[in-house]
Amino acid sequence: MYAVIQIPVFPLQALLRQMRKRPKGPIAVLDESGEQSYILTANKVARQFEVTEGMHPARALARCAHLQLIPRSEAAEKSTTRILHLLAQTLSPRIEATDSGLVTIDLRGATEQSRQEKLESLVERFRTIGLFVRIGIAGTPDHALWAAYLAKWIKRVRWVDTFLNQLPVAVTGISQEVVEIFAGWGIHTLGAIKKLPREEVGARLGKSGLDLWDAVSGQRSRLLKPYKTEPQFFRKLELDYRVENLEALLFILKRFIDELTLELRVSHQAAFGFKIYLKLENKRIQETHIEVPIPSSRASTLFRILETALENMQTQDAIVGVHLRLDTAEARARQSDLFAVAMEDAVGFGETADRIAALVGPDRSGSPRANNTWRPDAFHIEKLDTEIQTDFEPESHKPSIGLPLERIRPPRPIRVFMQDEQPAAIEGEVIQGIVKQVNGPWRLSSDWWDNKPWSREEWDIELEAGGLYRIFRTSKGWFVEGMYG
Amino acid sequence: MNDSTIHFSDRKALLQSLCREIGACFASEIDSDLVSPFKTEIPAIDSLSSGGFPKNTLSEIIESSPSSGGNLLLYHLLERVKQQRGYVALVDGNDSFAPDSVESSETLRHLYWVRCRTTKEAIRVSDLLAGDGNFSLLLIDLRRNDLNTLRRIPGNQWYRLQRAVQKSTCTCVAFTPQVLIPAAKLRLRLVSSFALSALDEDHTHLRDRLSAEPLSDSAIERIG
């Protein structure tokens, strides 16, 4: 079984794909490479005005005054051809670059259901990157090609004879002279050609007739010329206009990311970083390196990282060229440990964490760890583990006694009135009142062996008005450290 | 019908009906009635909340008197997330969380702590975390933030947070010093009172002694 993917009006679709704002109305692509310019292809609206391929532009404009003529772009066609080949390779590694905007795929080995699902998904995939395709599926490459010409989206040839009876002879691409010969015999469809004796066709038309008959009857065993894309993890674009805002730059980079993630998928690689080179109007090159926290080949993830990183970027001048290069590594398919706890979207969390850090400042967000010291309120912040391996070693547990403390940072100074060597009343900004009950004192000190020794006398108090607090005394006076609750 | 002829109760019913219709338009959101609640295993809370804090919604715990068990509840919720093998985010409105008060060091590995300086920071961080999608529990501690600043938070900010939580699989619990959140679907006030002797009691006994009372929408104090 074979599939043919065709991009109709290929030069035009290749151009439109690169435009931020697609023009409306009658459009034609102009080929100016030869001595004389001519219309290479035109859209449906232009065809309604009888603008056809090969026409001189002046004649085309005479037929359609509003016709928009866009010069052909080989760079756009090259880029679109590459996408076509990469996407085709997601169906099967056995592909042939049959023609411009046309690829033939050997689907042998795939089940019918998986084939149909993948093809539907592929059509949608093309659509999301701005390309309309037609796909034909048949038992031979020739039939698949003709099916593609007839397809609205996907056409599968089930009943060959019925299919051939629909096809005019000209669809095979044979010369007009031969088409007229067949017409003279009263033969107008491929179905009618198939009914002719092979020898008679060969006798009258020679080898080309035999080839045609074999192709129509499905007996031509044509081997595909295998085509393999070599991975390219960079994209470049020289602009013929100036880019002066982030939105326009992101439009270009989004297209690059869509194409590059295809390259990653096909070659089983993942990106762990970007290098962006922006060519400025003042001839300088501005370089930016961006790290991907967890290697990924997903377009949405990579684009989000790029967008966040470029949010506050500024350039000294307008941008006239863009070059994006990926740092890649082999993608690992890893099964998580059954007992591990892992985040669903670690990359997404990375972006959230970056935004929060930008908001609250560095070292004020993360996973806290108590320091190994008796010094009160000693902790440090680490990056949150997005995958926590189960540690079967016994955890360190505090005795589960008492109410947790809610800290007042920094501890606030208070005035303490003592009675019988115990706090009897408190006066301060945060707490004040008569002390109902006390526990303490607990005298603590440590770090006397280095240059930051500390010592304090702690009390737990309950105020008559309610509330349980921890207060402490040092050489600098009395402070309230927190509230229990 | 002239607006002035509609009685207050009719207007309220009309508004509720409109809210239901608008809510029905957001078909893609997870129906919180179908999702089992976040069980706290604290009898006082689970009995008043149909089994636990409802998921995909914003709940409010009010601690209007000191040492009434807010910290005990908050720290216990951290332990629960660890037991359920998830992640919890704590938006600390006034940087008052004490890592050294947590029972188990392993619990801290499941915790993402954000030490905010201002109420504005706390609300913005809460919005970001509600939309992250990686946390099974989002705790917002505003108990020590300035009350006047808290009262000035516009109601639509809370509704926006509620909508962000609704689209996720996260349970969101905000701890406040007073009833403040019009968008909260569950509102409980802690009414326990602990004496100094509680500092020598086992956590299990203390949690069993936690008590709370439900508060309705009419408890929202509107401050101009």
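Since the model is a prediction, treat every value here as computed from it, not as a measurement.

Reading the values: rules and limits
One numbering rule holds for all chains: residues counted from 1, following each sequence as written. Note on labels: chains are lettered from A, ligands numbered from 1, in written order. With the structure being a predicted model, the display of local features is reserved for residues of pLDDT at least 70 and the display and counting of side-chain atom pairs for 80 or more, all residues being used for whole-chain, interface and lining totals. To obtain the side-chain values, all non-hydrogen atoms of the structure were used and water was disregarded. DSSP calls a pair of strands paired once it identifies at least 2 bridges connecting them. Strands are runs of DSSP state E lasting at least 2 residues, helices are runs of H or I lasting at least 4, and numbering of each runs from the N terminus. Between N-to-C directions, angles span 0 to 180 degrees; the directions come from axes that are lines fitted to C-alpha atoms, helices contributing only their stretch in contact. Any two residues whose heavy atoms approach within 4.5 Å are treated as being in contact. Put simply, a salt bridge is a Lys or Arg side-chain nitrogen that is within 4 Å of an Asp or Glu carboxyl oxygen. Only protein chains enter the accessibility calculation, which uses a 1.4 Å probe; a residue whose area is less than 20% of its type maximum is buried, one above 50% is exposed, and one in between is partly exposed. Both site types are read off a 1 Å grid over the protein atoms alone. A 1.4 Å probe that fits but cannot get out defines a cavity, while an open set with protein on both sides within 12 Å along at least five of seven lines defines a pocket; lining residues have an atom within 4 Å of a point. Grid points are joined across faces, edges and corners, and a volume is the space filled by probe spheres set on the points. Amino acids are sorted into nonpolar (Ala, Val, Leu, Ile, Met, Phe, Trp, Tyr, Cys and Pro), charged (Asp, Glu, Lys and Arg) and polar (every other residue, Gly among them).

Q: For this particular structure, what's the right way to read the sheet that holds strand β3 (residues 38–42) of chain A?
A: Strands belonging to one sheet form pairs held by backbone hydrogen bonds; the direction of such a pair is parallel or antiparallel. All names here are of chain A. Here we have three strands laid out as an open sheet, ordered β3-β2-β4, and mixed in their pairing. Unpaired on one side and paired on the other, β3 and β4 (68–71) mark the two borders of the sheet. For this sheet the average axis-to-axis angle between neighbouring strands, irrespective of direction, equals 40°. The pairing of strand β2 (residues 27–31) with β4 spans four bridges and is classified as parallel. Of the residues in β4, the one forming a bridge with A28 is L69. Strands β2, β3 and β4 of the sheet are contacted by helix α1 (residues 10–17), whose axis makes an angle of about 105° with β2.

Q: Can you walk me through the pattern of salt bridges in this structure?
A: If charged atoms from side chains of opposite charge come close, those side chains can pair. All chains considered together, the criterion is met by 56 salt bridges over all chains. Put simply, R235 of chain A and E259 of chain A hold a salt bridge, and the shortest N to O gap is 2.7 Å. With a gap of 24 residues between them, R235 of chain A in strand β9 (residues 234–243) and E259 of chain A in helix α12 (residues 246–266) connect regions that are remote in the sequence. Across the pair R235 of chain A and E263 of chain A runs a salt bridge whose closest N-O atoms are separated by 2.8 Å. Here the residue R235 of chain A occupies a position in strand β9, and E263 of chain A occupies one in helix α12, the gap between them amounting to 28 residues. R235 of chain A sits in the buried class, given a relative accessible area of 9%. By relative accessible area, E263 of chain A is classed as buried at 1%. Here the salt bridges do not stand alone but share partners, grouping R364, D377, R407, R409, R456, E458, R470 and E481 of chain A together with D95, D100 and R115 of chain B into one network.

Q: Explanation requested: empty space enclosed by the protein in the structure shown.
A: It is a probe the size of a water molecule, rolled over the atoms, that shows where empty space is left. Counting across every chain of the model gives two cavities of 30 Å³ or more. There is about 70 Å³ of room inside the largest cavity. Lining the largest cavity we find P404 of chain A together with L72, Y75, H76, E79, S101, E103, H203 and R207 of chain B. Breaking the lining of the largest cavity down by element, the ones donating at least two residues are α3 (70–83) and α8 (203–209) of chain B. With four residues, the single largest contributor to the lining of the largest cavity is α3 of chain B. Of the residues belonging to the lining of the largest cavity, the class tally is three nonpolar, three polar and three charged. Here the second largest cavity defines a volume of roughly 40 Å³. Together, E406 of chain A together with N71, L74, Y75, L90, D92, S96, F97, D141 and R143 of chain B line the second largest cavity. Contributions of two or more residues to the lining of the second largest cavity are made by α3 and β2 (88–92) of chain B. Counting residues per element, the lining of the second largest cavity draws most heavily on α3 of chain B, which supplies three residues.

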